[in-house]
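Coordinates in review
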Amino acid sequence: MLKNKHVIIALIVTPILAVIAYFAVDTLVKETPHVAKSGGTYALVSLPNCRYPSGHCTLKNNEFKLELSVEEVGVNVFTLNMASEYPLQGAKVALVEAASETGSPLEMQSIDANQQQWNAKLAGNLNPNSIIQLVVAANDAFYYGETELVFSQYETSFGKDFR
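Only a predicted model underlies this, so the values are computations on that prediction, with no experimental measurement involved.

Going through the model one piece at a time under the given rule, you end up with two salt bridges. In this structure, the salt-bridge partner of Glu85 is Lys65, at a minimum N-O distance of 3.7 Å. Taken as a pair, Glu85 in the loop between strand S5 (77-84) and strand S6 (90-96) and Lys65 in strand S4 (residues 64-74) lie far apart in primary sequence, 20 residues in all. With a relative accessible area of 44%, Glu85 lands in the partly exposed category. Here Lys65 falls in the partly exposed class, since its relative accessible area comes to 26%. In this structure, the salt-bridge partner of Glu107 is Lys92, at a minimum N-O distance of 3.9 Å. Taken together, the residues Glu107 in strand S7 (residues 106-107) and Lys92 in strand S6 connect sequence positions 15 residues apart.

Take a look at the structure:
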């Protein structure tokens, strides 16, 4: 079988053609990132640190990124802190018990002059299954996302705080 020159050439050329086809199909069908347009709405995706007790959560869309953290300030009262790489025009947040619910949004307050640090005091049980719904405005575009409060607690298997 390996004495036939056609089979030998096919064994050499086939993997090369497969790799070329893989990259060609990727080039043809991939979605190219585009700049956010004024008045547009864009979804924020929860990164993996939102799915476990990490102490903070990152919501992202292309280069637009928000960092969330939670601090307990009293019984059934906690502060949601948000940091952005870009100045925001405004932010609203709602706390709901299930994804199918819509909560009443609360206005977040900017705590620095360049509009990149925001916080809001939320009343309610700090239940890991509760959901934070968030909408922010930046450069006349709106970004929205939601995530569970699993990230609000910081836990490690080593019994030590590494923050």
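Picking up where we left off.
On to the confidence of the model for the protein. Residues at a pLDDT of 70 or more form 93% of the protein, whose mean pLDDT is 86. Least confident of the elements in the protein is S4, whose mean pLDDT is 88; most confident is helix H1 (residues 5-29), at 94.

A positive phi angle, close to 60 degrees, is found at Gln115, a residue other than glycine. Summarising the element assignment, Gln115 is placed in the loop between strand S8 (109-110) and strand S9 (117-123). Of note, Asp140 is a non-glycine position whose phi angle comes to about 60 degrees, a positive value. Looking at where Asp140 falls in the secondary structure, it is placed in the loop between strand S10 (131-138) and strand S11 (141-148). What makes Asp140 partly exposed here is its relative accessible area of 44%.

Let us look at the sheet that holds S11. Pairing is mixed in the open sheet, where five strands are placed in the order S1-S11-S10-S6-S7. The sheet terminates laterally at strand S1 (41-43) and S7, the two strands that pair on one side only.

With that settled, consider H1. With 25 residues, H1 should cover 36 Å at 1.5 Å per step; its first-to-last C-alpha distance of 36 Å lies within 8% of that length. Along H1, the helix axis deviates most sharply at Val13, where the bend reaches about 25 degrees; the proline Pro15 sits within four residues downstream. The backbone nitrogen of His6 has a side-chain oxygen 3.0 Å away, supplied by the residue at the start of H1, namely Asn4.

What follows covers a nonpolar patch on the surface. On the surface, a cluster of nonpolar side chains totalling about 860 Å² of accessible area is made up of Leu2, Ile8, Ile9, Leu11, Ile12, Val13, Ile16, Leu17 and Ile20. Structurally, the position occupied by Ile8 is in helix H1. Classification of Ile8 by relative accessible area gives partly exposed; the value is 34%.

The rules behind the values
Note that residues are indexed from 1 along each chain, following the sequence as it is written. Thresholds applied to this predicted model are a pLDDT of at least 70 for local features of residues and 80 or more for the giving and counting of side-chain atom pairs; totals over whole chains, interfaces and linings are not thresholded and use all residues. Computation of side-chain values covers all heavy atoms of the structure but excludes hydrogens and water. Think of a salt bridge as a Lys or Arg side-chain nitrogen and an Asp or Glu carboxyl oxygen that are within 4 Å of each other. The secondary structure listing takes helices from DSSP runs of H or I that are at least 4 residues long and strands from runs of E that are at least 2 residues long, numbered from the N terminus. Only protein chains enter the accessibility calculation, which uses a 1.4 Å probe. A residue is then buried if its area is under 20% of the maximum for its type, exposed if over 50%, and partly exposed in between. Think of pLDDT as the predictor's per-residue confidence, scored from 0 to 100. Strand pairing is assigned whenever DSSP detects at least two bridges linking the two strands. For a helix, the expected span equals 1.5 Å multiplied by the residue count minus one. The quantity called bend is, for any residue, the angle between two axes fitted respectively to the seven residues ending at it and the seven beginning at it. In the analysis that follows, any N or O atom pair within 3.5 Å is treated as a polar contact, provided that within protein one partner can donate a hydrogen and the other can accept it, and provided that, for residues neighboring in sequence, both atoms belong to side chains. Think of a patch as exposed residues, more than 30% relative accessible area, with no salt bridge, where like charges cluster within 9 Å and nonpolar side chains (Val, Leu, Ile, Met, Phe, Trp, Tyr) cluster within 5 Å. Computed by Shrake-Rupley with a 1.4 Å probe, the accessible areas treat only the displayed protein chains as cover when residues are assessed.

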